[in-house]
Amino acid sequence: MSNASRAFRYLAIFSALLFFALAAIWLLAPGTLLAHWGVVFDGGVTGLVGRRAAPLYAGIGVALLLARNAPPSQGRTAVVAGFVTTCLLLALLGLGEWAVGQVESGILPAVLVEVALALAFLYVVRAEGRAKAHG
């Protein structure tokens, strides 16, 4: 296994575990994250939306976990593209909501993690492409 493939494997596992944790939090305690972001948890609409987000996070985690050992391929690239798109859109949404005052600065650590994960996956995929081209 090349270093880039090992890096992909570890990054996919880490990200999957993180997304499983987020799924559990959104399902079982959505008020925890919302309170950190300065959003009032009323149990109604915010609870519904949070609980409905949980399966999406879990599904992304499953896709990453199952792709962790996959060699570079069109399918794995699709999983990475979907993950990067998800992370960057979440980050953009978080920044937008913060900019208009819908959430407090507690959202910024989540935004940083989302951007970092997206960049890490892009870096690993690019490194694999360079390694393949040179080797």
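(A) Here's a closer look at the packing of aromatic side chains. Applying the stated criterion across every chain, the model contains five aromatic pairs. Between Phe19 and Tyr57, the aromatic rings sit 5.2 Å apart at their centres with planes inclined by 55°, giving tilted as the arrangement. Of this pair, Phe19 sits in helix 1 (residues 3-28) while Tyr57 sits in helix 3 (residues 45-67), and the two are 38 residues apart along the sequence. This pair shows no difference in class: Phe19 is buried, exactly as Tyr57 is. An aromatic cluster is built from Phe8, Phe19, Tyr57, Phe83 and Phe121, whose rings are joined through pairwise contacts. The ring of Phe8 has Arg76 lying over it, and the distance from NZ or CZ to the ring centre is 3.8 Å.

(B) Quick look at the environment of Ser105. Structurally, the position occupied by Ser105 is in the loop between helix 4 (74-99) and helix 5 (108-134). Judged by relative accessible area, which is 46%, Ser105 ranks as partly exposed. When the C-alpha positions of Ser105 and Leu48 are compared, they lie 23 Å apart, and in sequence the two are 57 residues distant.

(C) Structural view of the environment of Val125. Positionally, Val125 belongs in helix 5. Accessibility expressed as a relative area gives 30% for Val125, which makes it partly exposed. On a C-alpha basis, the gap between Val125 and Arg6 in space is 11 Å, while along the polypeptide they are 119 residues apart.

(D) A look at a nonpolar patch on the surface. Side chains of Val45, Leu48 and Val49 sit close together on the surface and give an oily, nonpolar patch of about 280 Å² of accessible area. Mapped onto the elements of the fold, Val45 is located in helix 3.

(E) Representation of the packing of helix 3 against helix 4 within the structure. Orientation of helix 3 relative to helix 4, taken along the N-to-C sense of each, is 145°, at an axis distance of 10 Å. As helix 3 runs across helix 4, the sense of the crossing is left-handed. Across the interface between the two elements, Tyr57, Ile60, Ala63, Leu64 and Ala67 from helix 3 touch Arg76, Val79, Phe83, Thr86 and Leu90 from helix 4. Among the residues making up the contact of helix 3 with helix 4, the classes are represented as eight nonpolar, one polar and one charged.

Criteria and cut-off values
- Residues numbered from 1 in each chain as written.
- Predicted model: local features only at pLDDT ≥ 70, side-chain atom pairs only at ≥ 80, totals over all residues.
- Heavy atoms only, no water.
- Phe/Tyr/Trp six-rings, centres within 6.5 Å; stacked < 30°, edge-to-face > 60°.
- Helix = DSSP H or I, 4+ residues; strand = E, 2+ residues; numbered from the N terminus.
- Buried < 20%, exposed > 50% of the residue type's maximum accessible area, 1.4 Å probe, protein only.
- Lys NZ or Arg CZ within 6 Å of the ring centre and 35° of its normal.
- Patch = residues over 30% accessible without salt bridge, like charges linked within 9 Å, V, L, I, M, F, W, Y side chains within 5 Å.
- Areas by Shrake-Rupley, 256 points an atom, 1.4 Å probe, with all protein chains shown as cover.
- Salt bridge = Lys/Arg side-chain N within 4 Å of Asp/Glu carboxyl O.
- Axes fitted to C-alpha atoms, helices over the stretch in contact; angles between N-to-C directions.
- Left-handed = near helix turned anticlockwise from the far one by under 90°.
- Contact = heavy atoms within 4.5 Å.
- Nonpolar A, V, L, I, M, F, W, Y, C, P; charged D, E, K, R; others polar.

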